[in-house]
Amino acid sequence: MSEYHPLSLEEAVALARTIPDHFRQDAELSVEEIGDGNLNLVFRITDSTKGKGLIIKQALPYAKVVGESWPLSLDRARIEREALEIQHSHVPDLVPAIYAYDNELAITVMEDLSDHTIMRKGLIEGQEYPHFAKHIGRFIASTLFYTSDLGMDQQAKKEQLGRFINPDLCKITEDLIFEDPYRDSPNNNFSEDIRPDAEALWHDDELRLEIALLREKFLTHAEALLHGDLHTGSIFATRESTKVIDPEFAYYGPMGFDIGAVIANLLLNFAAQPGWSSNSEELHARRLRLLTMAQGVWKHFETHFRDLWNRDLVDVMAKTPGYQDMYVQKVLRDAIGFAGAKMIRRIVGLSHVADIDTIPGAELQHQAKLTALKIGKALVKRGRFASSIDEITGIARQAAK
Ligand code: SR1
Ligand code: MG
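Rules used throughout
Residues numbered from 1 in each chain as written. Chains lettered and ligands numbered in written order. Predicted model: local features only at pLDDT ≥ 70, side-chain atom pairs only at ≥ 80, totals over all residues. Heavy atoms only, no water. Helix = DSSP H or I, 4+ residues; strand = E, 2+ residues; numbered from the N terminus. Rg over C-alpha atoms; globule rule 2.2 N^0.38 Å. Areas by Shrake-Rupley, 256 points an atom, 1.4 Å probe, with all protein chains shown as cover. Lys, Arg positive; Asp, Glu negative; His and termini not counted. Charge placed at Lys NZ, Arg CZ, Asp CG, Glu CD. Buried < 20%, exposed > 50% of the residue type's maximum accessible area, 1.4 Å probe, protein only. Pairing = 2+ DSSP bridges. Axes fitted to C-alpha atoms, helices over the stretch in contact; angles between N-to-C directions. Domains from an automatic or database assignment. Contact = heavy atoms within 4.5 Å. Buried area = accessible area lost by both parts, 1.4 Å probe. Salt bridge = Lys/Arg side-chain N within 4 Å of Asp/Glu carboxyl O.

Here the focus is the overall build of the protein chain. Summing up its helical and strand segments, the protein chain has 14 helices and 12 strands in all. Relative to the globule expectation of 21 Å for 401 residues, the C-alpha radius of gyration of the protein chain, 21 Å, shows essentially globular dimensions. With the principal axes as the frame, the protein chain shows a C-alpha extent of 60 × 55 × 40 Å. As displayed, the protein chain has an accessible area near 17,000 Å², and 52% of this comes from carbon and sulfur atoms. In the protein chain, the 45 positive side-chain charges and the 60 negative ones have mean positions that sit 5 Å from each other.

Here it is in structure tokens:
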């Protein structure tokens, strides 16, 4: 084992050669650093003659997006790798395979998914993902159910929870999603054209109360092992296949947080569509697809979650009639509230999304931000009282008028 240091390109290639059964000894390998996220180095090593590759992901000891002034624990690489292993054990077809790791170097070596596209990019380009809702619904239901007190031995769950205390990354979420957008924080990052709308958030007490309640759930409700950052940039997709990556924010938290993250990012793309669709027919079709997908994410989650509950429940008391319905309703309400919070943070908080920020044309961008903020606020305010996922489509359509 070597002492921690960021890998050079040469070291990445040398490491790739040590992975058993992957590259021939004499293979000519090329390497690129392709990390475009906020936190890590990502190397892709390829044998172009064989079209074969692998990925080496390495955590940096600070947030790349800000710099060395924002230190982050390297233990997040272990947390991410262990979360990937657990997720892979439940839904092997939806998570990349891991080939090797080194905790000291904060490295995970895994399957190259370059035949897939990052879903955020695909959605911006108008790509269709007809199986996505089914796939991600099953991913979320299986990974959450089997890591919760419902689906795993409760003493083992307590032990597992201990391995996923993830203070640095949880703190990012607590600040960037549940605090900064609701006060005049130096971390905020919004364009001047929406200043009045951003400042209005700081004084909207109805909204701030709901955010405080969601924040409390995020801080205290250790229901299941979450992915923790399940946006469309953490998903590789093709028309037929879905792969979930990057669970470095994994920790034990409220189930609705992961579902809300997916829905939020579909709705951010919905809000952005006037900037990406070339005519009103295309706009209508794309938006309908996105709303159907967002509803589908919940519907597939619920169906699969109830099936697992009826088949593999380990908690005797959870068999009590009425409990499953109450549990599912709680998760639905949390998901809607968290979805709203996750939309708002991407408009006024530190970290934005390309769906909105790369729209060509200032006016279209401005309108997209306002639509996203409107949807986000309405979801947060409605979440605690919602009774059906169909409410989100009404909210989105109303905001887009
Ligand atoms: C400082 S990290 C900013 C954001 O990037 C990640 O993807 C998370 O969403 C985090 O909040
Ligand atoms: Mg990430």
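With that settled, the discussion passes to the pairing of strand β2 (residues 40-47). Looking along a regular strand, one sees side chains alternate from face to face of the sheet. The buried count for β2 comes to eight of eight residues, which makes it a mostly enclosed element. Side chains Asn40, Val42, Arg44 and Thr46 of β2 all project onto a buried face; the interleaved residues Leu41, Phe43, Ile45 and Asp47 project onto the opposite face, where all are buried too. Counted along the chain from β2 to the antiparallel partner strand β3 (residues 52-59), the turn is four residues long, and its residue Gly51 has a positive phi close to 60°.

Glancing now at the sheet that holds strand β1 (residues 29-33). Spatially, β1-β2-β3-β7-β6 is the arrangement adopted by the five strands of the open sheet, whose pairing is antiparallel. Whereas interior strands pair on both sides, the edge strands pair on one side only; in this sheet they are β1 and β6 (98-102). Averaged over all adjacent pairs, the angle separating strand axes in this sheet is 20°, with direction ignored. In this structure, β6 lies alongside strand β7 (residues 107-111), joined through four bridges in antiparallel fashion. Bridge pairing in β7 links Asp102 to Ile107.

This part covers the domain arrangement of the protein chain. Taken domain by domain, the protein chain consists of domain 1 (9-111) and domain 2 (117-400). Between the C-alpha centres of domain 1 and domain 2 there is a distance of 26 Å. If you look at the interface, domain 1 gives 25 residues, while domain 2 gives 29 residues. Carbon and sulfur atoms make up 63% of the area that domain 1 and domain 2 hide from each other, which totals about 2,300 Å². Contact with domain 2 buries area across many residues of domain 1, yet Ile79, Gln87 and Leu94 alone supply 26% of it, more than any other trio. Counting every contact that joins domain 1 to domain 2 gives five salt bridges. Put simply, Arg76 and Glu248 hold a salt bridge, and the shortest N to O gap is 3.2 Å. Residue assignment for the side of domain 1 that touches domain 2 shows that the elements contributing at least two residues are β5 (67-71) and α2 (75-90).

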